[in-house]
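Remarks on the overall topology
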Amino acid sequence: MAILVLGGAGYIGSHAVSALVDAGRDVVVVDNLLTGFRAAVRPEARFYQVDIRNKEDVDAIFEKEQIEGVIHFAACSLVGESMTNPLKYYDNNVGGATSLLKSMVEHGVDKIVFSSTAATYGEPERVPIMETDKTSPTNCYGETKLAMEKEMYWTGVAHGLRYVALRYFNACGAHPSGEIGEAHNPETHLIPLILQVPNGKRDKISVYGDDYPTRDGTCVRDYIHVCDLADAHILAMDYLIKGGKSDVFNLGNGIGFTVQEVIDVARKVTGHPIPAEIVPRRAGDPAQLVASSDKAKSVLGWNPTRADLELIVSSAWKWHKSHPNGYN
């Protein structure tokens, strides 16, 4: 029986596929390559270039392959774009989930691990954030992810689907081989933006505000290595295969680093001065976002082993230095 990975040519999806292959699993990958890269997919996995909104194509895969469970990464994920083009996000994210879930129900596939996001919480009521905290997204991206979670819940009520939604924080780092990593255009994540400076892609890094109530005045975020995230998706699938009930889990290190701390570590790792410029705050940026992952550790047996910031930045730099233009 195979695991179907949707969005398996993207950043986190490709790392999950690699981890599944290394674990000896049979893997089928579906990606429309809108933002993913064929070169990121391990050759041991069977690949289909399909958009999950095309139900006929997805049905054909379920009919051809023996699918035991689904890991779902396929989504548009740019917060800024979601605010200027919300209909794209409802069409792709929620529409894609609707089409997928119809196919799963019709073909008797009842297990799905879903790549959700900390953006489902919105402004945190407390730090660290718990799974039981209020979900009140402040952007359309988070709203569509929360809608997808609810869609899976109600599909479960009606049809017996079991799901795990993994709400993760700042994915970062790259595979230790340096063969797959983060390649977004446009890039919006802090660590690859910082590393564009020593790679000659930008002159300096902008720091949005240095007057937050944090230890150095810059925002605090919870950075989680992409390989630790990949491990969590496999553990979540195994949990469902063993009969686990539907549930939601945060994934983070429980450790927050400031923007300034990340820049300082990047300077150390790259040996480059990396000039930084303080610019005005961005609207809606919370001072701190840090996860409590106690539930994932106790229920799933998840143990993130790559929490060290220098290790995270070093793995990212190994990828970006050898792939300055991504997969191109």
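Scroll up a little and you will see the structure.
Now for a description of the structure that goes with this document. Model, not experiment: these values are computed from the prediction. (Residues numbered from 1 in each chain as written. Predicted model: local features only at pLDDT ≥ 70, side-chain atom pairs only at ≥ 80, totals over all residues. Heavy atoms only, no water.)

**So, the environment of arginine 202**
What counts is decided by this rule: We count a stretch as a helix when DSSP gives it H or I for four or more residues in a row; a strand needs E for two or more, and each element gets its number in order from the N terminus. For every residue, the accessible area (1.4 Å probe, protein chains only) is compared with the maximum for its type, and the residue is labelled buried under 20%, exposed over 50%, or partly exposed between those bounds. Contacts between residues were defined by any pair of non-hydrogen atoms, one from each residue, lying within 4.5 Å. Whenever a nitrogen or oxygen atom comes within 3.5 Å of another N or O atom, the pair is scored as a polar contact, on the condition that within protein one atom can donate a hydrogen and the other can accept it, and that pairs from neighbouring residues in sequence are kept only if both atoms are in side chains.
Tracing the backbone shows arginine 202 in the loop between helix 6 (190–195) and strand 8 (205–208). The exposure class of arginine 202 is partly exposed, given its relative accessible area of 31%. Setting aside anything within four residues of it in sequence, one finds arginine 202 in contact with Leu193, Gln196 and Val197. Side-chain polar atoms of arginine 202 contact the side chain of glutamine 196, separated by 2.8 Å.

**A closer look at the pattern of salt bridges**
As a reminder of what qualifies: Salt bridge, as used here: a side-chain nitrogen of Lys or Arg that lies within 4 Å of a carboxyl oxygen of Asp or Glu.
Taken as a whole, this structure holds 24 salt bridges when the rule is applied. Two residues, lysine 204 and glutamate 277, come together in a salt bridge whose shortest N-O distance is 3.1 Å. Here lysine 204 is found in the loop between helix 6 and strand 8, whereas its partner glutamate 277 is found in strand 12 (residues 276–279), with 73 residues between them in sequence. Given a relative accessible area of 32%, glutamate 277 falls into the partly exposed group. With its nearest N and O atoms 2.9 Å apart, the salt bridge here joins arginine 281 to aspartate 211.

**Thoughts on helix 4 (residues 86–106)**
Put simply, the rule is: By this rule the span expected of a helix is its residue count minus one, scaled by 1.5 Å.
With 21 residues, helix 4 ought to run about 30 Å at 1.5 Å a step, and its terminal C-alpha atoms sit 29 Å apart, in line with that. Inspection of helix 4 places Tyr89, Asn92, Asn93, Val94, Gly96, Ala97, Ser99, Leu100, Leu101, Ser103 and Met104 among the buried residues, and these make up the whole buried set. Of the surrounding elements, those touching the buried residues of helix 4 are strand 1 (2–6), helix 2 (55–64), strand 4 (67–72), helix 3 (79–84), strand 5 (111–117) and helix 5 (140–159). Trailing helix 4 by a residue or two, glycine 108 shows a phi angle of about 70°, which is positive.

**Considering the packing of helix 1 (residues 11–22) against helix 7 (residues 226–241)**
As a reminder of what qualifies: Geometry is summarised by axes, namely lines fitted to C-alpha atoms with helices restricted to the contacting stretch, and by angles between N-to-C directions that run from 0 to 180 degrees. In this scheme, a crossing is called left-handed if the near helix is turned counterclockwise away from the far one by less than a right angle; it is called right-handed if the turn is clockwise. As a working rule, the residues Ala, Val, Leu, Ile, Met, Phe, Trp, Tyr, Cys and Pro are called nonpolar, Asp, Glu, Lys and Arg charged, and the rest polar, with Gly in that last group.
At a minimum axis distance of 8 Å, the contact between helix 1 and helix 7 shows a crossing angle of 60°. The handedness of the crossing between helix 1 and helix 7 comes out as right-handed. Contacts between helix 1 and helix 7 involve Tyr11, Ile12, His15, Ala16, Ala19 and Leu20 on the former and, on the latter, Val226, Cys227, Leu229, Ala230, Asp231 and Ile234. The class makeup of the residues in the contact of helix 1 with helix 7 is 10 nonpolar, 1 polar and 1 charged.

**A short note on unusual backbone geometry**
Of note, the bond from valine 127 into proline 128 is cis; its omega dihedral lies within 30 degrees of zero at 0°. Considering the arrangement of structural elements, one finds proline 128 in the loop between strand 5 and helix 5. Cis rather than trans, the peptide bond between asparagine 185 and proline 186 has omega equal to 5°. Relative to the helices and strands, proline 186 is located in the loop between strand 7 (170–172) and helix 6. Unusually for a residue other than glycine, leucine 33 sits at a positive phi of about 60°. You can see leucine 33 is positioned in the loop between strand 2 (26–30) and strand 3 (46–48).

**Notes on the sheet that holds strand 5**
The condition that has to hold: At least two bridges found by DSSP between two strands is the condition for calling them paired.
Spatial ordering of the open sheet is given by 3-2-1-4-5-6-10, a layout of 7 strands whose pairing is parallel. Bordering the open sheet on either side are strand 3 and strand 10 (247–251), each of which pairs with just one other strand. Sheet twist, expressed as the average angle between the axes of neighbouring strands with direction ignored, equals 20°. Sheet contacts for helix 7: strand 1, strand 4, strand 5, strand 6 (162–168) and strand 10; angle to strand 6, the most-contacted strand, approximately 160°.

**Section: the packing of helix 8 (residues 259–270) against helix 10 (residues 309–322)**
Defined as follows: Each angle receives one of four descriptions, namely roughly parallel if under 35 degrees, roughly antiparallel if over 145, roughly perpendicular if within 65 to 115, and oblique otherwise.
Where helix 8 meets helix 10, the axes come as close as 9 Å, and the angle between the chain directions of the two elements is 60°. Compared by their axis directions, helix 8 and helix 10 come out oblique. In terms of crossing hand, the pair formed by helix 8 and helix 10 is right-handed. Contacts from Glu261, Val262, Val265, Ala266, Lys268, Val269 and Thr270 in helix 8 reach Leu309, Glu310, Val313, Ser314 and Trp317 in helix 10.

**A closer look at the nonpolar core**
Threshold: Throughout this description, the term nonpolar core refers to a set of buried Ala, Val, Leu, Ile, Met, Phe, Trp, Tyr and Cys residues connected via side-chain atoms within 4.5 Å.
In terms of nonpolar packing, the biggest core is built from 38 residues, with Ile12, Val27, Leu166 and Leu251 touching the most fellow members. Residue assignment for this core shows that the elements contributing at least two residues are strand 1, helix 1, strand 2, strand 6, helix 7, strand 10 and helix 9 (294–300). Among the elements that make up this core, the one with the highest residue count is helix 7 (10 residues). Sequence-distant contacts of leucine 251, defined by excluding residues within four places in its chain, comprise Leu166, Arg167, Tyr168, Phe169, Ile224, Leu229, Ala232, Ala291, Ser293, Ala296 and Trp302.

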